[in-house]
Each structure stands twice: as C-alpha cells, then as structure tokens.
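Commentary on secondary and tertiary structure
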Amino acid sequence: MALYSDKVMDHFRNPRNVGVIEDADGVGEVGNAKCGDIMKMYLKIEDDIIKDVKFETFGCGSAIASSSMATELIKGQPVSEAMKLTNKAVAEALDGLPDYKMHCSVLAEEAIRSALADYEKKKENDEAVQKEENS
Amino acid sequence: MIYADNAATTKMSSAALSVMTELMKDTWGNPSSLYGFGQKAKEALEGARETVAAAIGADVREIIFTSGGSEADNQAIRTAAYTGASNGKKHIISSAFEHHAVLHTLKRLEEEGFEVTLLDVHKDGLVRPEELEAAIRDDTCLVTIMYANNEIGTIQPIKEIGEICRKHKIIFHTDAVQAIGHIPVNVINDNIDMLSASAHKFHGPKGVGFLYAKKGIKLRNLIEGGAQERGRRAGTENVPGICAMAKALEEAVSKIDGYGKKLSAGRDRLISGLKEVPHSAVNGDEKRRLPGNVNFCFEGIEGESLLLLLDDKGIQASSGSACTSGSLDPSHVLLAIGRVHDVAHGSLRLSIGEDISDEDIEYIIKSVRETVEYLRSFSPIWRDLEAGVKEHIL
C-alpha cells in the first residue's frame, strides 16, 4: 500500500495555484519551521468573491497537497463560503490522509482562515479611512 | 532504480540466498534432535557460528544468535546493567545519538533506578575519549557506544574507548550494526567486550543477528525456554537465516577493501557535488564516516517532499525529518550534532551500495540539486531567507 492516495500524490506532484500574488487583498501565514510546516496563502478578492488564490508551502508531501487542494476548493467562491472550509473537507477531497498527517489539512484550513481574516481587517480599515475622508 | 538506502536494509547476496533456500528445502531438521537429519542442521548451525566468530576475531563460544541487532542490544545492555547492579554499580555511559534500541533500553533502566550519562557527540558526530574517561565513576558498570552512526555514518574512536574501559575494568558494548561487513572490525584489536550485529545490513536476511559476548560475561536471558544457544537464548534456532547471515558476512568481509575504496570515492564525489547546492551542509565529519554514507541538510526545504520527488526520479533515500518519522521532532541524531529543528527537517541520507556506478552518482547529484531548487521555488521560508527577512543558518 502506498503512503498516500493517488489524489494526494497528484496534488503533491502537480500542485495547483503555486506562487505569490504581489498585490494580494489578504495574506495569511501559519505553522512554524520548528515543526516542519509553514503555509502562506495569498488571496485576490473582488466583490467578496475569491478571484485568485496562490500558496507557498514548506513541508512534507501532504502539506503541499493539502495547500493545493485548499486553494482549489475556495477559488471562485464567495468569502462567506470560503470561511466555512474545514480541514475535513480538504482531507476528504484528497481521498483521505494518514492519521498522523491530518494536521496538514488543519494547517491548510488555518492558512485560509488567516488570509481571510487579513482581508476582513484590511477591508474594515479601508472602510474606516473612507468614512473619515467622507466626514 | 538507484537504491541509496543501504543503511536501512540491503539486498540479499545471491550466495546467501542459495544457502538459505537449500537449508529450507533439504536441511530442515531441528538442530536439537539427536538423529542424523537433525544433527545435519546442527552442523550447519555450528559451522555458521565458526564463520561469524572468525569474521570478527572472536571465539566460537562467544557468539550467540539473536533475532537481530535490537535484541542483541537489549540483551547486552541488560546483562551488563544487572551484573553491575548486583555489585552496587548502577551508572551507565552512552552517547546522545545511539540507535533507539540502545536509548530506549537505557530509558527503561533509568526507570528501574539506573543513572545514565549521555556523552556529547559534538558537531562532527564523534565521541571524545577524554570526555568518556572524565564521565567514568566508581559505580559505572557499562559503556555502550555505537561503532558507526546509522544516520550520519561517523565512525567512533572505538579502540581508544575500549582501552579506557579496559583500564577502568568496565564492560564495553558497541552496537556495530552499521559497521560490520562495511569496515574492518576485530573485537580483540578494538578492545570490545560485547558487540551487536544485524544480518540484513550486510546483505543477509532480515530477522537474524548476533551478539558477541567476551568469555567470562554471563549473559542474562531475554527469552526463557529451551537450552538453545547454550541456554542463553531460548527458541529453535533460525538455521536457514543464521547460515545465510554467516555466508553474507564472510562475503562482505572478504570484499571490504575493494568495495570500501570504491564506495569512499563515490561518497566523496557525492559530497563535493552536493556541497555546491547553496546553503547546504554535510552532517558529521566528512572523512571519519562509513564508506557509503552521505548525509546533508538543505536549508528552506523539508525532507519528506524531497524523498518523494527523488523516488519519482528512481532514487530511494532517507531523511531525518519529523514527517518521515511520524513524530513532531526531527531525528535525535541531527539534534545531537547541533542542527536546529529548522534545518534538521531538510535532511537527506544517501547510503550507497557496491553496485552503484559513476553515472548513478552523477544522476543523484543532478536530481538532488534540481529537486532542492524546485522545492525552494515555493518555500515561504526560502523566500524570507533570500529576501533577508530571516538570516541563513547554513
């Protein structure tokens, strides 16, 4: 039996949405080098729809595959839907992960949440600035 | 396929394989049976004992067969510990980067009231004999230091350690699982009292090994039962496995000089080729290491993804990253030589075998370089390092 499902290996070998968005509307980074996994997500959002998403990951095969799958699951989705992404959904979409690798899917969920939180914060700031300017 | 994981296990030699199958087919009697057919198996068994003893300079009565290196380590350590305890000595000296068969046994003994001192192995992965001597106490009953490390291949100053132990009348055990059949080992020259070995590391079968215990050491049984192995290890002997081990060992020892030179040359070429990867470092002393062992850390990448991509390129290797061990911490060996977690996760062990060609070596260098570069291309750590947000460690 192979270590990973074919789906995991496919997303590991050919990761989708790899890279950076320079003028991202939301950026999130989770994990730490000490534990051996870091994920960074970049979001481009227009009218509350995720128009583009890119990731960078330092980590094992399942960390890379989980990042790739998570970006696929939220691309084109409204922010409100993306907020609902769970690690379970990521793992299921990958046809499962070994038990001791489930934390990789948790990290992917957290990375997306963190990028969305960054977007919300920026949006609030922008709105506050806008208000101030208007008044 | 380029198999570069010989420290994990080796391919069985064809001579050992034929000894094994012949015994299984034709000499399957029980060596404890008195009739001729059983005694034929007994003869084969004792012949194997002679071969094994001769290969390490021991007496035939000093060898007992076990299920492998771990069992031999457990039995050797517990024997010395309990013998020491009966004389009021409950202190053991070992090193920080032993195999878990040693470290976990020592942990258990600590729970039983023994005290353990683990010597530093320094950046170069070598125990310092003077530090060992300084650690010796009146109640030290055992020194157990591996012959060569299983991850970084560094060869310990065994002869000097043995001399110190002899001077202080302390039992010296060495886990020689990685060394036997790869570099010359002689228990008399090296002042060794007990030694553990495992067949599958030198082209023998899995599930068989041996323990050398110098005359005068009364082994304590781990497995009680029949009177096999002169009462020191019960259970009907694995005659085919043991005889195949003896054949493989005889063959390996006879080839040590020639293969050693070839493998050292390959190792040195791999090291010089991989050093060209920016922000990489060799783990352990470059020369005082096993002929086939290469171990590197590459900054900004993680070992498991490197292994999977190398496997796709037909190269089988190993890593000390946490993800390959199923725990959160990277290899205790890399941490023991002072590698911080961040870079220890990006380690690669290549342990090459005799059948490797010069082309294979060049292919490995090229593949590792390409793969490290690819993984760095989307590593957020690498981005920060290159942008100067974080400082390079290597």
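This text goes with the structure placed above it.
Residues numbered from 1 in each chain as written. Chains lettered and ligands numbered in written order. Predicted model: local features only at pLDDT ≥ 70, side-chain atom pairs only at ≥ 80, totals over all residues. Heavy atoms only, no water.

1. Some details on the pattern of salt bridges
- As enumerated under the stated definition, the model contains 36 salt bridges over all chains in all.
- Here Arg16 of chain A makes a salt bridge to Asp10 of chain A, at a shortest N to O gap of 2.7 Å.
- Overall, the relative accessible area of 28% leaves Asp10 of chain A in the partly exposed class.
- Two residues, Glu56 of chain A and Arg383 of chain B, come together in a salt bridge whose shortest N-O distance is 2.7 Å. Of this pair, Glu56 of chain A sits in strand β3 (residues 49-58) while Arg383 of chain B sits in helix α13 (residues 380-387), on two different chains.
- Taking the relative accessible area as the measure of exposure, Arg383 of chain B reaches 34% and is therefore partly exposed.
- Three or more residues joined by partner-sharing salt bridges are found here, namely Lys42, Glu46, Arg49 and Glu229 of chain B. (Salt bridge = Lys/Arg side-chain N within 4 Å of Asp/Glu carboxyl O. Buried < 20%, exposed > 50% of the residue type's maximum accessible area, 1.4 Å probe, protein only. Helix = DSSP H or I, 4+ residues; strand = E, 2+ residues; numbered from the N terminus.)

2. With respect to the nonpolar core
- Ile50 of chain A together with Phe298, Leu348 and Leu350 of chain B are the most contacted members of the largest nonpolar core, which has 66 residues in total.
- In this structure, Leu348 of chain B is in contact with Val294, Asn295, Phe296, Phe298, Leu306, Leu307, Leu310, Ala317, Ser318 and Val368 of chain B, ignoring residues within four places of it in sequence. (Core = buried A, V, L, I, M, F, W, Y, C linked by side-chain atoms within 4.5 Å. Contact = heavy atoms within 4.5 Å.)

3. A closer look at the pairing of strand β10 (residues 293-298) of chain B
Residue and element names in this part refer to chain B.
- Where burial is concerned, most of β10 is hidden: six out of the six residues are buried.
- Sheet topology note: the strand β9 (residues 280-282)/β10 ladder contains three bridges and is antiparallel. Looking at β10, one finds that Ala281 is bridged to Cys297.
- By the bridge criterion, five bridges tie β10 to strand β12 (residues 347-351) in an arrangement that is antiparallel. Looking at the pairing, Val294 lines up with Leu350 of β12. (Pairing = 2+ DSSP bridges.)

4. Focus on the layout of surface pockets
Residue and element names in this part refer to chain B.
- Estimates place the volume of the largest pocket at around 700 Å³.
- Lining the largest pocket are 34 residues, with Asn6, His203, Gly353, Glu354 and Asp355 sitting closest to its centre.
- Secondary structure elements with two or more residues in the lining of the largest pocket: β1 (2-3) and α7 (239-275).
- Element by element, the count of residues in the lining of the largest pocket is highest for α7, at eight residues.
- For the lining of the largest pocket, the per-class residue count stands at 15 nonpolar, 12 polar and seven charged.
- Mapped onto the domain boundaries, the lining of the largest pocket takes at least three residues apiece from domain 1 (14-252) and domain 2 (256-387). (1 Å grid on protein atoms, 1.4 Å probe; cavity = no way out; pocket = protein on both sides within 12 Å on 5 of 7 lines; lining within 4 Å. Points joined across faces, edges and corners; volume = space filled by probe spheres on them. Nonpolar A, V, L, I, M, F, W, Y, C, P; charged D, E, K, R; others polar. Domains from an automatic or database assignment.)

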